[in-house]
Amino acid sequence: MGVERIRPVRPRVPATLAYALHRLLARNGAYRRLAAYVERHPVLYRAFTAGERVTKERLFGCRMCGQCALPTTGYACPMTCPKQLRNGPCGGVSPDGSCEVDRTRTCVWVTAWTRAEGAARGADLDLLQRPVDNRQWTRSSWVNYWQGRDEGLSVAHDAEDPRPVMVDRT
Ligand code: SF4
């Protein structure tokens, strides 16, 4: 079996539209109950997860890490970074913004910065992203989010007070 080649993906929807859609899907009691119901039914869960995969793969290049960072990265998927960096770029970004691993593509973090700044959300990129929990790969990030499992996925930090501060991702 060959090794999957990971390449930076440029999202297919404008950031402003993605933020608007997120507001529609923001966690609430109804979505939490829906997520719990879906999880209790394995066939339904598989179908729901397959739908999420198809949708997000086409729009964002989603790789189904199950712990979605999109709302805090200008909707540029950090898991399409060939180095899987979730907290900003490596030192290899070229002056023209291309990826060190694939010079034909723009660095995911350059894309994230451009999109977040354009939507007045540049401060999101200051948040610290928790390391990926590898047990969540292939799981539905929507179900995880609605079930509240993304609590603490991003934390704010303050040089004066290094204690992590939970971030509301809605
Ligand atoms: S679930 Fe993970 S892999 Fe999929 S878009 Fe979100 S961050 Fe990227």
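One can find the structure itself at the top, above this paragraph.
Keep in mind it's a predicted model, so treat the numbers as computed, not measured.

Enquirer: For this particular structure, what's the right way to read helix α1 (residues 15-24)?
Expert: A turn of α-helix holds 3.6 residues, and therefore any two residues three or four places apart point the same way. Here α1 has its buried residues at Ala15, Ala18, Tyr19 and His22. Down the axis, α1 shows its buried residues gathered within 100° of arc, on one side only. Exposed positions of α1 whose direction lies more than 90 degrees from the buried face are Thr16, Arg23 and Leu24. Contact partners of the buried residues in α1: α4 (108-118) and α5 (141-146).

Enquirer: What exactly am I supposed to notice about unusual backbone geometry here?
Expert: Apart from glycine, the bulk of residues carry a negative phi angle, and the bulk of peptide bonds sit in the trans form. Not every positive phi belongs to a glycine, and Met64 is a case in point at roughly 60°. The exposure class of Met64 is buried, given its relative accessible area of 1%. For Tyr75, which is not a glycine, the phi torsion comes out positive at approximately 65°. Exposure remark for Tyr75: the relative accessible area of 6% places this residue in the buried category.

Enquirer: Could you clarify how one ought to interpret the pattern of salt bridges in this entry?
Expert: Between side chains of opposite charge, pairing is possible as soon as their charged atoms come close. One pass over the full model with this rule turns up 10 salt bridges. In this structure, Glu4 engages Arg63 in a salt bridge whose closest nitrogen and oxygen atoms are separated by 3.0 Å. Here Glu4, found in the segment before α1, pairs with Arg63, found in the loop between α3 (42-60) and α4; they are 59 residues apart in sequence, far enough to count as distant. Given the relative accessible area of 52%, Glu4 is considered exposed. For Arg63, a relative accessible area of 19% puts it in the buried group. Here the salt bridges share partners, and the residues they tie into one network are Arg5, Arg7 and Asp102.

Enquirer: Looking at this structure, I do not really get empty space enclosed by the protein. What am I missing?
Expert: Unfilled space is identified by rolling a water-sized probe across the atoms. In this structure the tally under the stated criterion is 2 cavities of 30 Å³ or more. There is about 120 Å³ of room inside the largest cavity. Looking at the largest cavity, it is lined by 17 residues, and the ones nearest its centre are Lys56, Cys62, Cys65, Cys68 and Cys77. Counting residues per element, the lining of the largest cavity draws most heavily on α3, at 3 residues. Broken down by class, the residue content of the lining of the largest cavity amounts to 10 nonpolar, 3 polar and 4 charged. Considered as a void within the structure, the second largest cavity measures approximately 100 Å³ in volume.

Enquirer: How should the environment of Leu127 be read in this particular structure?
Expert: Looking at the element boundaries, Leu127 is found in the loop between α4 and β1 (128-129). Counting along the chain gives 54 residues from Leu127 to Thr73, while the straight-line C-alpha distance between them is 9.5 Å.

Enquirer: Whenever I open this one, the site of the ligand confuses me. Can you help?
Expert: Every residue near the ligand is listed here: Lys56, Cys62, Arg63, Met64, Cys65, Gly66, Cys68, Ala69, Leu70, Cys77, Met79 and Ser141. The cavity where the ligand resides is the largest cavity. Here the shell around the ligand is built from residues that sort into 8 nonpolar, 2 polar and 2 charged.

The rules we used
- Residues numbered from 1 in each chain as written.
- Predicted model: local features only at pLDDT ≥ 70, side-chain atom pairs only at ≥ 80, totals over all residues.
- Heavy atoms only, no water.
- Buried < 20%, exposed > 50% of the residue type's maximum accessible area, 1.4 Å probe, protein only.
- Helix = DSSP H or I, 4+ residues; strand = E, 2+ residues; numbered from the N terminus.
- Arc of directions from axis to C-beta.
- Contact = heavy atoms within 4.5 Å.
- Salt bridge = Lys/Arg side-chain N within 4 Å of Asp/Glu carboxyl O.
- 1 Å grid on protein atoms, 1.4 Å probe; cavity = no way out; pocket = protein on both sides within 12 Å on 5 of 7 lines; lining within 4 Å.
- Points joined across faces, edges and corners; volume = space filled by probe spheres on them.
- Nonpolar A, V, L, I, M, F, W, Y, C, P; charged D, E, K, R; others polar.
- Near = heavy atom within 4 Å.
- Sits in = over half its atoms within 2 Å of the grid points.

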